[in-house]
Structure formats: C-alpha cells, structure tokens
Amino acid sequence: MEYDFTGIENKWKARWETDKTYKVTEDTSKPKYYVLDMFPYPSGAGLHVGHPLGYVASDIYARYKRLKGFNVLHPMGYDAFGLPAEQYAIETGTHPAITTEKAIKKFREQMDRIGFSYDWNREVKTCDPNYYKWTQWIFLKLFKCWYNREAGKAEPIETLIKRFETEGLQGLGALWREGIEPFTAAEWKGYTEARQQQILMNYRLAYLSYAEVNWCEALGTVLANDEVKDGKSERGGHPVVRRKMRQWFLRITEYADRLLEGLEKLEWSEALKDMQRNWIGRSEGAMVKFYLLSPNPSPPDRGTPHRKFMTGKTEVSKENLIHAKEGRTNPTKAESVLWEAIRTKKLGLKFRRQHLIDKYIVDFVCLQKGLVVEVDGEIHELTKDEDALRTQVLSERGFKVIRFKNEEVLSGLDKVLFSIKQNLS
C-alpha cells in the first residue's frame, strides 16, 4: 500500500487548525516554559535550509516539554524592518509594505507545510505599528530613567534631578561620571535648561552621544563592521567611510555586574557562560602615572633612551588615541597581514601598532630599537609633503622611519620582514 503523505499531512494540518491544537492560554496548574526562535527576515526568496535547521530542533524540544506537562509558549514572527526591505523597495519601485506582506505570506505557507507547532495567534511582525509602538514605549522608559549605582537599579530621572537640586554633584562617589565637573546645588539651579539636559544625558539609560561609525552615503545608513567588506557595503558594494556622528546609545554597561551575577543562576553549560562572561568583560581598572617628556625636547635629549617611551602631545593625545583605537579595530588588509607576522615576534623583538609619538600615530614601532614601520596605501601618493614632515619630526625624536607600500606587503611579505630585520640590527 502506498503511503499518501500529502493527503495525511493535509488532513492533520487542517485538524490542528480547526482544533487550535497549539494555541496557548494561561494555565496556572502547569509549569510555564518559553521556546523562542530567532525571527527570520521575510525575503522574497522564502525559507532557506538554515531556517528549518534551527526551527526543527526547537520545535522538537517544545513538543517534548508539552509531553512532560509544561504549558509551552512557542511563537513565531518576522523581523520585517530594516535595510533589506528598503533596498528591495528602491530596486523594484514597490512599496515595502507590499513586498514584505507578500514575503510573509510565502514564509507562512512554507512553515505550515513543515508542520511546526507554533501558536500562530501570537504571530509577531516588527513592521506592524501595534508591535513597534511597544519598542518606542520601551525606549521612552529608558530615556526617562537613570541607573542608580547606590541602589543597584534604574530610577526615574526626576530622582536624580532632585538630588542635583538639593546636593549638587559634590563628593562624586556613585554619581561621578567621566567628563563632568563637580557643581553645587546653587550652580545646578543657575544652569540653563540646555546645560542641565546635557549633564543628564550622561546618566540616562538611552542617551545621545558621538561615535565613529561606518557611514554609507549610497544606502543612507550606518553599517555594522560585519556589513562592510574591503571598504564597501556588503549589500550593493557601495563606498563606506568612517564618520563621527551623533546617535542614540543604550547604557547597558551599567548592568554589567548584574548580568555577570545572573549567569550563575542559569542552567547553561560552562562553555556558554564563559563566552558570555568574556563578552560582558569585567575590568577593575588601575590608576597609573606616566611621566612624559616635553613634546619638543632640546637637541641634547634627542637620540637618548627616552625616545623609547610614548611622548604624545597633551593637546592632541586624547583625540589621537581615539583614532589609534579605530586603526587597531579596522586595519587595512596590508596592516593586518604585517601585524600578524610581527606580533608573533618572528623578528625577535616586541612591536606596538597604532602607537602615539609626538602628534602622530605610527603604524608599527619597536620602541626598544626606535624603529618605526609605516604601511602606505594609495592616499599617500597625495600626501608626500605631509609624510616627509612626519618622517622629519619622528627622526628628530630619535626614531628611524622605513616605509612599505600595501602591495609590497601583500605580494612580498618575506622580503618586507627581511628588510625590517636588517634595520633592527
């Protein structure tokens, strides 16, 4: 007898739909269990193999917990907002509401054919105003609150304003935030509304600030690092530049200790907990004093062992250190290749990268030998005068500067390493 799987599946899917088999209602007599999948982005291409790869496993577990007597909430939804929908609308000239709804319908049909045990009465669409009104609600709640480190919890911003009005910001303690000068209650009351709001922005859980971001003019948006490849957007291949922009942030770092403590209560594997601990990161910090030389030493000082220490100019150090951090995070391919070779001490000496000397950030430097290694891209063809001045200043500081072009590093790494080694001797 032939197995009519199509007929049998259709029969039982219709039965599940009629009986609302997987509809979940509140039932205090059963223990609760929540099985949540990552919501897919509903593209016109439909499901790909990676979707059921995860959904089948979680569906099996949801069914298992139901059989064990749990009241299981197992919903599904669609992450339907964002750049892909916008770009598809631009490319096709079709309103994103139309293309998104059409894609969602296709996804639903495919998931129904697989037979997942979702409670479709709780379906979520992030592009639905009835959904995203709650994300806006949450954002406003965060904006109107600050994290009280003394109490270890969030409180309405009005409680902080009241403290400023009665105590000011004296004695620092748990109210201290970097970059804010102490003020009295009288001074606070004398500040303009704009100045008060500027100070409060250093405490709000949702706040405005400036940061270096990946900006794509063609897409009109900021991109994450993993959305950028070789200086271009992964979607569309458009140019991407680093730009300092004002944008919204969430002050999640205030919850770092609570997140770490909460990990101990989770029934997760130690490997997964360690991954989370490393991601959260705990740094107790330290206070260290460094005695810097004058940024413009007299001639007798040049060439002395002091050249081996960082001597950044005070007025530019803070801004340059920000750029140095950016350079370490987003190196060029040639810089990355060379750093991987010299960081392993193949040359026998320690090198530093994106290091501040005088008013310049050098690509690589061996402080022990006073050797600076620069990797020049195409833009350096237009900055030869500036590079010459840079080399002169570094030479006056007691450093020897050698330069390599990107293509020299990428096509002849061994030759470059040999040249560096020769200059270290």
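Residues numbered from 1 in each chain as written. Predicted model: local features only at pLDDT ≥ 70, side-chain atom pairs only at ≥ 80, totals over all residues. Heavy atoms only, no water.

A.B. asks: What is the right way to read the environment of valine 337 from this model?
C.D. replies: Within the element layout of this structure, valine 337 appears in helix 12 (residues 333-342). Owing to a relative accessible area of 28%, valine 337 belongs among the partly exposed residues under this scheme. Placed 72 residues apart in sequence, valine 337 and valine 409 show a C-alpha to C-alpha distance of 7.6 Å. Dropping the residues within four chain positions of it, valine 337 is found in contact with Val409, Leu410 and Leu413. (Helix = DSSP H or I, 4+ residues; strand = E, 2+ residues; numbered from the N terminus. Buried < 20%, exposed > 50% of the residue type's maximum accessible area, 1.4 Å probe, protein only. Contact = heavy atoms within 4.5 Å.)

A.B. asks: Before we go on, may I ask you to explain the nonpolar core in this structure?
C.D. replies: The tendency in soluble globular proteins is for nonpolar side chains to be buried as a group. The biggest cluster of nonpolar side chains holds 20 residues, and the ones touching the most others in it are Leu338, Ile342, Phe351, Phe364, Val373, Ile420 and Leu424. Listed by contribution, the elements that provide at least two residues to this core are helix 12, strand 13 (360-366), strand 14 (371-376), strand 15 (400-405) and helix 15 (413-424). The element best represented in this core is helix 12, accounting for five residues. Apart from the residues lying within four places of it in its own chain, the contact partners of leucine 424 are Leu347, Leu349, Phe351, Cys366, Lys369 and Leu371. With 12 residues, the next largest nonpolar core counts Trp146, Phe164, Leu175 and Trp188 among its residues. (Core = buried A, V, L, I, M, F, W, Y, C linked by side-chain atoms within 4.5 Å.)

A.B. asks: What am I meant to see in the packing of aromatic side chains here?
C.D. replies: Remark: the centre distance and the inter-plane angle together describe each pair of aromatic rings, the angle taken between the planes. In total, this model carries 23 aromatic pairs according to the counting rule given. Judged by centre distance (5.1 Å) and plane angle (90 degrees), the rings of phenylalanine 139 and tryptophan 248 are edge-to-face. Residue phenylalanine 139 is found in helix 5 (residues 129-143), and its partner tryptophan 248 is found in strand 11 (residues 241-250); the two are separated by 109 residues along the sequence. On the numbers, 5.8 Å between centres and 70 degrees between planes, the contact of phenylalanine 164 with tyrosine 203 is edge-to-face. Of this pair, phenylalanine 164 sits in helix 6 (residues 157-167) while tyrosine 203 sits in the loop between helix 8 (193-200) and strand 7 (206-216); the two residues are 39 residues apart in sequence, bridging distant segments of the chain. Here the two residues phenylalanine 164 and tyrosine 203 agree in accessibility, since each one is buried. Here the aromatic cluster, defined as three or more aromatic residues joined through ring pairs, consists of Trp146, Phe164, Phe183, Trp188, Tyr191 and Tyr203. Cation over ring: arginine 204 sits above phenylalanine 143, and NZ or CZ is 4.1 Å from the ring centre. (Phe/Tyr/Trp six-rings, centres within 6.5 Å; stacked < 30°, edge-to-face > 60°. Lys NZ or Arg CZ within 6 Å of the ring centre and 35° of its normal.)

A.B. asks: Which parts of the structure should I look at to understand the sheet that holds strand 15?
C.D. replies: Note on sheets: strands pair through backbone hydrogen bonds, and any given pair is parallel or antiparallel. Reading across from one edge, 12-13-14-15 is the order of the four strands in this open sheet, with mixed pairing throughout. Strand pairing shows two members of the sheet lacking a second neighbour, strand 12 (352-357) and strand 15, which therefore form its edges. Here the strands of the sheet are splayed against their neighbours by 45 degrees on average, with no regard to which way each runs. Bridge count for strand 12 against strand 13 is five bridges, and the pairing is antiparallel. Opposite isoleucine 357, over in strand 13, you have tyrosine 360 as the bridge partner. Relative to strand 13, helix 12 is tilted by about 35 degrees, and along the sheet it contacts strand 12, strand 13 and strand 14. (Pairing = 2+ DSSP bridges. Axes fitted to C-alpha atoms, helices over the stretch in contact; angles between N-to-C directions.)

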